Structures are given as structure tokens and as C-alpha cells.
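If you want the building blocks of each chain, they are given just below.
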Amino acid sequence: MSPIFRRGEKKNPAERVVTLIGKPGCHLCDDAQAVIEKVCAEVGAVWEKKDINEDEELYRKYWEQIPVVLVDGAQHDFWRVKEERLRRALTQ
């Protein structure tokens, strides 16, 4: 079977890391954090927050998209975080 059609091994949500890239005073970042906190608490995933103003590379890469959500280092969402989509990404 082609690798395109094979499903990867299902990861344990407790081994997943969600990263929120945002900045202080950003209402969309606050909304995203609320969703991330809720979903990560439900599934047992770890999450972290990074200030885009403190990292030049993150600033260059994501400034126009904040808040940006990464799952295991890969971009998952930006601007708005959908609860069900994040939950699905962490449990599949």
C-alpha cells in the first residue's frame, strides 16, 4: 500500500506538545489560550506559550498570523483555534 494511504501510528495525547505563539494584549491570543487549556486538560496533552516579541525567528515567520498554534512543532492553526479540530489532532 502506498505510504500516502497508510495511517501513522496513533500517538498518546500525553506525549503531544501544543505551542501557542502570541503576544501580550492580543484578544485572539487569549481566546486561543482558553481553548488550548481546555482541550489539553481534557486529553492530557502538554502546552506551552511563546511570546512572539521575544523570538526574532518566530516574529519573522508568524507575525501576520498570530495567534499561531503548533502541535508537536508543526503549524496546526492560526487566528482562531477550533476546539474539535485541536482535540482530533491530539487524539488521532
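Structure's up top.
Please read all numbers here as calculations on a predicted model, not as lab measurements. (Residues numbered from 1 in each chain as written. Predicted model: local features only at pLDDT ≥ 70, side-chain atom pairs only at ≥ 80, totals over all residues. Heavy atoms only, no water.)

Secondary structure assignment for the chain yields 3 helices and 4 strands. Moving toward the C terminus, one meets the helices and strands of the chain in the order β-α-β-α-β-β-α. Along the first, second and third principal axes, the C-alpha atoms of the chain reach 45 × 30 × 20 Å. Out of the 92 residues belonging to the chain, those deemed buried represent 36%. The contacts of the chain with a sequence gap of at least 6 include a subset with a gap of at least 24, amounting to 65%. Entry remark: accessible area of the chain is about 6,300 Å², with carbon and sulfur atoms responsible for 49%. Looking at the chain, you have 16 positive and 17 negative side-chain charges, and the mean spots of the two groups are 7 Å apart. (Helix = DSSP H or I, 4+ residues; strand = E, 2+ residues; numbered from the N terminus. Buried < 20%, exposed > 50% of the residue type's maximum accessible area, 1.4 Å probe, protein only. Contact = heavy atoms within 4.5 Å. Areas by Shrake-Rupley, 256 points an atom, 1.4 Å probe, with all protein chains shown as cover. Lys, Arg positive; Asp, Glu negative; His and termini not counted. Charge placed at Lys NZ, Arg CZ, Asp CG, Glu CD.)

What follows deals with the packing of aromatic side chains. In total, this model carries 2 aromatic pairs according to the counting rule given. Ring centres 4.7 Å apart and planes at 25° place the aromatic pair Y59 and W63 in the stacked group. The partly exposed category is assigned to Y59, whose relative accessible area is 37%. Between F78 and W79 the ring centres are 4.7 Å apart and the planes differ by 70°, which places this aromatic pair in the edge-to-face class. On the accessibility criterion, F78 (32% relative accessible area) is partly exposed. (Phe/Tyr/Trp six-rings, centres within 6.5 Å; stacked < 30°, edge-to-face > 60°.)

When two helices pack together, their arrangement is captured by the angle between the axes and the distance separating the axes. One way to put it is that helix α1 (residues 27-43) packs onto helix α3 (residues 83-91) with a least axis distance of 10 Å and a crossing angle of 35°. The two elements α1 and α3 meet at a crossing, and its hand is right-handed. Contacts from V35, I36, K38, V39, C40, E42 and V43 of α1 reach α3 at E83, L86, R87, L90 and T91. Class assignment for the residues of the contact of α1 with α3 results in 7 nonpolar, 1 polar and 4 charged. (Axes fitted to C-alpha atoms, helices over the stretch in contact; angles between N-to-C directions. Left-handed = near helix turned anticlockwise from the far one by under 90°. Nonpolar A, V, L, I, M, F, W, Y, C, P; charged D, E, K, R; others polar.)

Right, let's get into the sheet that holds strand β3 (residues 68-71). Reading across from one edge, β2-β1-β3-β4 is the order of the 4 strands in this open sheet, with mixed pairing throughout. Only two strands of the sheet have a single neighbouring strand rather than two, namely β2 (46-51) and β4 (74-78). Adjacent strand axes in the sheet meet at a mean angle of 25°, parallel and antiparallel pairs treated alike. With 6 bridges connecting them, strand β1 (residues 17-22) and β2 associate as parallel partners. (Pairing = 2+ DSSP bridges.)

Looking now at α3. All of the buried residues in α3 are L86, R87 and L90. Mapping the buried residues of α3 onto a view down its axis gives an arc of 100°, with all of them on the same face. Here the buried face of α3 lies against β1, α1, β3 and β4. (Arc of directions from axis to C-beta.)

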